[in-house]
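In case you want the letters, here they are:
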Amino acid sequence: VDSHGRAIYHHDPERIGSDMSDLPAVQAVRAGYVGAWRGWANDMEIVASYAPIPQTLCGLVEEESWAALRGIAWQYGRVLVLILLLGVLVPSGVVGVAIRRITRPIRRLTEGAQAISQGRMERICDVPTGNELGELARAFNDMASRLEGYHAELEGRVAARTRELSAVNAIASVVSQSLDLHD
């Protein structure tokens, strides 16, 4: 609009040059204000934004149907809700995977400790990680292997001692029987 409130340009060519000075948005831009106005024009709820054009006596007024703007806002709202859902679900999935990657090796170590406590020394903890848990699993497997060796060595010693005692018992039995013959 020009300084008198007449339309310099309008999307409807018939309204170019018409007096629009009675519209609140035109009155505000002619007074030098920048802003927006919501109201009724031609039986339609509208939003009009306005701003003076610097270094001229003209102003810019843009009108848009409130219903059209509301429809666009709803579309953006749906997109924002989708982005919000993705912003919650994707990090939740990443955290879930990370937690499983941490707890699975710990669970395997726990199962290995329980197996050894039940006497199953052959249990090997397979924790394919290159971090501290992997080092702990290797140390655990080494400990289990050593325990199995100690256990086998102890069983061998017990078996040898049992053989020795059986031999001594056999000799004692023979001696006892020979003493019974002299009676």
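Residues numbered from 1 in each chain as written. Predicted model: local features only at pLDDT ≥ 70, side-chain atom pairs only at ≥ 80, totals over all residues. Heavy atoms only, no water.

A look at the overall build of the protein chain
Each helix and strand in the protein chain was counted, giving three helices and three strands. When the elements of the protein chain are put in sequence order from the N terminus, they spell out α-β-β-β-α-α. In terms of overall dimensions, the protein chain has a C-alpha envelope of 150 × 35 × 25 Å along the principal axes. Counting across all 183 residues of the protein chain, residues that qualify as buried make up 18%. Looking at the protein chain alone, contacts between residues at least 24 apart form 28% of all its contacts between residues at least 6 apart. Summing over all exposed atoms, the protein chain offers an accessible surface of approximately 13900 Å²; the carbon and sulfur share of this is 60%. Each charge class in the protein chain can be summarised by its mean position, and for the 18 positive and 22 negative side chains these summaries are 5 Å apart. (Helix = DSSP H or I, 4+ residues; strand = E, 2+ residues; numbered from the N terminus. Buried < 20%, exposed > 50% of the residue type's maximum accessible area, 1.4 Å probe, protein only. Contact = heavy atoms within 4.5 Å. Areas by Shrake-Rupley, 256 points an atom, 1.4 Å probe, with all protein chains shown as cover. Lys, Arg positive; Asp, Glu negative; His and termini not counted. Charge placed at Lys NZ, Arg CZ, Asp CG, Glu CD.)

Some details on the pattern of salt bridges
Across all of its chains, the model carries five salt bridges by this definition. Its salt-bridge partner being R146, residue D142 comes within 3.5 Å of it at the nearest N-O pair. Remark: R146 and D142 occur in helix α3 (residues 132–181); sequence separation between them is four residues, near one turn of the helix. By relative accessible area, D142 is classed as partly exposed at 38%. (Salt bridge = Lys/Arg side-chain N within 4 Å of Asp/Glu carboxyl O.)

Things to note about the side chain of N141
Tracing the backbone shows N141 in helix α3. Dropping the residues within four chain positions of it, N141 is found in contact with I124 and C125.

Some remarks on a nonpolar patch on the surface
A cluster of nonpolar side chains, namely V81, L84, L85, V88 and L89, defines an oily patch on the protein surface of about 480 Å² accessible area. Positionally, V81 belongs in helix α2 (residues 66–117). (Patch = residues over 30% accessible without salt bridge, like charges linked within 9 Å, V, L, I, M, F, W, Y side chains within 5 Å.)

Some details on unusual backbone geometry
Phi at D43 takes a positive value of approximately 60 degrees, unusual for a residue other than glycine. Position of D43 among the secondary structure elements: in the loop between β1 (35–41) and β2 (44–52). Here D43 falls in the exposed class, since its relative accessible area comes to 80%. A positive phi angle, close to 65 degrees, is found at Q55, a residue other than glycine. Considering the arrangement of structural elements, one finds Q55 in the loop between β2 and β3 (59–65). Owing to a relative accessible area of 86%, Q55 belongs among the exposed residues under this scheme.

Thoughts on the packing of aromatic side chains
Each pair of aromatic rings is reported with the distance of its centres and the angle of its planes. The tally for this structure, following the rule as stated, stands at zero aromatic pairs. The side chain of R38 reaches across the aromatic face of W66, ending 3.7 Å from its centre. (Phe/Tyr/Trp six-rings, centres within 6.5 Å; stacked < 30°, edge-to-face > 60°. Lys NZ or Arg CZ within 6 Å of the ring centre and 35° of its normal.)

So, the sheet that holds β3
As summarised here, the arrangement of the three strands in space is β1-β2-β3, forming an open sheet in which the pairing is antiparallel. Of all strands in the sheet, those bounded by a partner on one side alone are β1 and β3. Between one strand axis and the next, the sheet turns by 25 degrees as a mean value, whatever way the strands run. Note: β1 against β2, seven bridges, orientation antiparallel. By the bridge assignment for β2, G35 is matched with Y50. Against the sheet, α2 engages β1, β2 and β3, with an angle of about 75 degrees to β3. (Pairing = 2+ DSSP bridges. Axes fitted to C-alpha atoms, helices over the stretch in contact; angles between N-to-C directions.)

Considering a positive patch on the surface
Taken together, the side chains of R100, R101, R104 and R107 present a region of like positive charge at the surface. As for its position among the elements, R107 is in helix α2.

What about the pairing of β3?
The pairing of β2 with β3 spans seven bridges and is antiparallel. When the sheet's bridge partners are listed, I46 is paired in β3 with S65. What sits between β2 and β3 in their antiparallel hairpin is a turn of six residues, with Q55 showing a positive phi close to 65 degrees.

Nothing here speaks to function; it is all geometry.
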